[in-house]
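Reading the structure
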Amino acid sequence: MSYEVEKPDEQWRAELTPAEYQVLRQAGTEPAFRGEYTDTKTKGVYSCRACGAELFTSNEKFESHCGWPSFFDPKDSSAVELIEDRSHGMLRTEVRCSRCGSHLGHVFEGEGYPTPTDQRYCINSISLRLEPQES
Ligand SMILES: [Zn+2]
């Protein structure tokens, strides 16, 4: 599989902080309720912290109370890539940035949240960077 933005591992390591690298490039998960965007209601666009691709917007963000920023839909369906993840003895769907392949989080479905899609993109704050909308 190839991505539009590809860099050798040592370059990612140099460009990202150790915590960013661990989540984005090693599919780690930040601790619940600690991420900087968990409860953020600021209007704006959330971009990939690794490559800057626009991934989510505040319009699709909702309060899931799960401890991570949650979106019911990506900005564009082509902005993210969904991959079957059988790690940790579970079957989950991993969400990656489709431009650089960095790990963002997981998507869950059918949980009964009152959103248009009944999906919850559970995304690590540290994978994103919020650009507040100019008002
Ligand atoms: Zn990216």
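Model, not experiment: these values are computed from the prediction. (Residues numbered from 1 in each chain as written. Predicted model: local features only at pLDDT ≥ 70, side-chain atom pairs only at ≥ 80, totals over all residues. Heavy atoms only, no water.)

Tetrahedral coordination by four donors places them ideally at 109.5 degrees to one another around the metal; octahedral coordination by six donors ideally gives 90 or 180 degrees. Ligation of the zinc ion by protein atoms is provided by Cys48 (SG), Cys51 (SG), Cys97 (SG) and Cys100 (SG), these donors lying 2.3 to 2.4 Å from the ion. The site at the zinc ion holds four donor atoms, and with the angles between them running 103 to 115 degrees, its shape is tetrahedral. Sequence spacing of the donor residues for the zinc ion, all on one chain, is C-x2-C-x45-C-x2-C. Here Cys100 lies in the loop between β6 (92-97) and β7 (103-109) and Cys51 lies in the loop between β1 (44-48) and β2 (54-57), a separation of 49 residues in the sequence. (Donors = N, O, S within 2.8 Å, 3.2 Å for Na, K, Ca; no water. Tetrahedral: all angles 85-135°; square planar, octahedral: opposite > 155°, others 65-115°. Helix = DSSP H or I, 4+ residues; strand = E, 2+ residues; numbered from the N terminus.)

This part takes up the environment of His103. Examined against the element boundaries, His103 turns out to sit in strand β7. Accessibility expressed as a relative area gives 2% for His103, which makes it buried. Once the C-alpha coordinates of His103 and Ile123 are considered, the two residues, 20 residues apart in sequence, prove to be 9.1 Å apart. The residues touching His103, leaving out its near neighbours within four places in the chain, are Val23, Leu24, Ala27, Gly28, Glu94, Val95, Arg96, Asn124 and Ser127. Within the structure, His103 has its side chain in polar contact with the side chain of Glu94 (distance 2.8 Å). (Buried < 20%, exposed > 50% of the residue type's maximum accessible area, 1.4 Å probe, protein only. Contact = heavy atoms within 4.5 Å. Polar contact = N/O pair within 3.5 Å; in protein donor to acceptor, adjacent residues only side chain to side chain.)

In this structure, Thr40 sits in the loop between α2 (18-24) and β1. Among the residues examined, Thr40 registers a relative accessible area of 17% and is labelled buried. Looking at Thr40, its side chain comes within polar contact range of the main-chain oxygen of Glu36, at 3.2 Å. Every residue in contact with Thr40, bar those within four places of it in the chain, is listed here: Tyr46, Lys61 and Leu130.

Before going further, it helps to spend a moment on the side chain of Glu20. Note on placement: Glu20 falls in helix α2. Residue classification places Glu20 among the buried residues on the basis of a relative accessible area of 8%. A distance of 3.0 Å separates a polar atom in the side chain of Glu20 from a polar atom in the side chain of Arg49. In contact with Glu20, not counting residues within four places along its chain, are Arg25, Arg49, Ile126 and Arg129.

Below, the discussion takes up the sheet that holds β2. Spatially, three strands are ordered β2-β1-β9 in an open sheet, and the strand pairing comes out antiparallel. The sheet terminates laterally at β2 and β9 (128-132), the two strands that pair on one side only. Adjacent strand axes in the sheet meet at a mean angle of 30 degrees when their direction is disregarded. (Pairing = 2+ DSSP bridges. Axes fitted to C-alpha atoms, helices over the stretch in contact; angles between N-to-C directions.)

Within the open sheet, the six strands sit side by side as β3-β4-β8-β7-β6-β5. Their pairing is antiparallel. Every interior strand has two partners, whereas the edge strands, β3 (61-62) and β5 (80-85), have only one. Where β3 meets strand β4 (residues 70-71), two bridges bridge the pair, whose relative direction is antiparallel. Looking at β4, one finds that Phe62 is bridged to Ser70.

It is worth spelling out the pattern of salt bridges at this point. Side chains carrying opposite charge are able to pair once their charged atoms draw close together. Scanning all chains against the criterion turns up 11 salt bridges. Its salt-bridge partner being Glu20, residue Arg49 comes within 3.0 Å of it at the nearest N-O pair. Taken as a pair, Arg49 in the loop between β1 and β2 and Glu20 in helix α2 lie far apart in primary sequence, 29 residues in all. For the pair shown, Arg49 and Glu20 are each scored as buried. Several salt bridges converge on common partners, so that one network encompasses Glu20, Glu36 and Arg49. (Salt bridge = Lys/Arg side-chain N within 4 Å of Asp/Glu carboxyl O.)

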